[in-house]
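Descriptive structure summary
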Amino acid sequence: MTDPEFMDRAEKLLKAVEASCDRINAENRADIDNQRVGGMITLVFSNKSQIVINLQKPLHEVWLAAKSGGYHYKFDKEQWLDTKGQGEFFASLSRYASEQAGCPLVFIV
């Protein structure tokens, strides 16, 4: 994957995370404060816990840090997959965010 291809796919991922936060907040399912600075989004939950999503441009990876740990994702021509076989990015983010928010949350592409 070229650098421009990575940035295009990564930007779509970040925009999907932001759109999911907007949808979740509009449905009053959780109060997620999402803050974006460049290639990094910080999700802050009502209990003050955080999830940080950060682009690692030189590696062509997206990193996610949650209370449960740190995870690295690479695009495999169809989706963003954990480099250690832990699953797809949006399914994982939904699981980690649900754990931290204390209610079921669904993040989608």
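Residues numbered from 1 in each chain as written. Predicted model: local features only at pLDDT ≥ 70, side-chain atom pairs only at ≥ 80, totals over all residues. Heavy atoms only, no water.

1. Description of helix H2 (residues 89–101)
Rules: A run of H or I in DSSP counts as a helix once it spans at least four residues, and a run of E counts as a strand once it spans at least two, with each numbered from the N terminus. Each helix should span, by expectation, one fewer than its residue count multiplied by 1.5 Å. The buried label applies to any residue whose accessible area, calculated with a 1.4 Å probe on protein chains only, is under 20% of its type's maximum; exposed applies above 50%, and partly exposed to all values in between. The criterion used for residue contact is that any of the two residues' heavy atoms lie within 4.5 Å. Polar contact is defined as a pair of N or O atoms within 3.5 Å, subject to the rule that within protein one atom must be able to donate a hydrogen and the other to accept it, and that residues adjacent in sequence are counted only when both atoms are side-chain atoms.
For H2, spanning 13 residues, the distance from its first C-alpha to its last is 18 Å, which sits close to the expected 18 Å at 1.5 Å a residue. Those residues of H2 that fall on the buried side of the exposure criterion are Phe89, Phe90, Ser92, Leu93, Ser94, Tyr96, Ala97, Ser98 and Gln100. On its buried side, H2 packs onto helix H1 (3–26), strand E2 (40–44), strand E3 (50–56), strand E4 (61–66), strand E5 (69–75) and strand E6 (80–82). Its side-chain oxygen 3.0 Å from the backbone nitrogen of Phe90, Glu88 forms the N-cap of H2.

2. With respect to the side chain of Ser92
Structurally, Ser92 can be placed in helix H2. Look at Ser92 and you get buried, because its relative accessible area is 1%. Once residues within four sequence positions are removed from consideration, Ser92 is found in contact with Tyr73, Gln86 and Gly87.

3. Some details on the pairing of E3
Note the following rule: In this scheme, strands are said to pair when DSSP sees at least two bridges between them.
Taken together, the 5 bridges between E2 and E3 define a ladder with antiparallel strand orientation. Bridge pairing links Ile41 to Ile53 in E3. The loop that links E2 with its antiparallel partner E3 comprises 5 residues; one of these, Lys48, has a positive phi angle of about 75°. Where E3 meets E4, 5 bridges bridge the pair, whose relative direction is antiparallel. Each residue of the ladder has a partner; that of Val52, found in E4, is Ala65. In this structure, the hairpin formed by E3 and E4 is closed by a connection of 4 residues, where His60 is found at a positive phi of approximately 55°.

4. Quick word on the sheet that holds E6
Where we set the bar: Only the stretch in contact is used when fitting a helix axis, every axis being a line fitted to C-alpha atoms; angles between N-to-C directions are given from 0 to 180 degrees.
Judged by pairing direction, the sheet is antiparallel, and its 6 strands sit side by side in the order E1-E2-E3-E4-E5-E6 without closing on themselves. On the outer flanks of this sheet lie strand E1 (33–37) and E6, each paired with one strand and no other. Across the sheet, the mean angle separating the axes of adjacent strands is 20° when strand polarity is ignored. Where E5 lies against E6, 3 bridges are found, and the strand directions are antiparallel. Note that in E6 the partner of Lys74 across the bridge is Leu81. The strands touched by H1 within the sheet are E1, E2, E3, E4, E5 and E6, with E3 carrying the most contacts at an inclination of about 165°. Helix-sheet contacts for H2 involve E2, E3, E4, E5 and E6, and the interaxial angle to E3 is about 155°.

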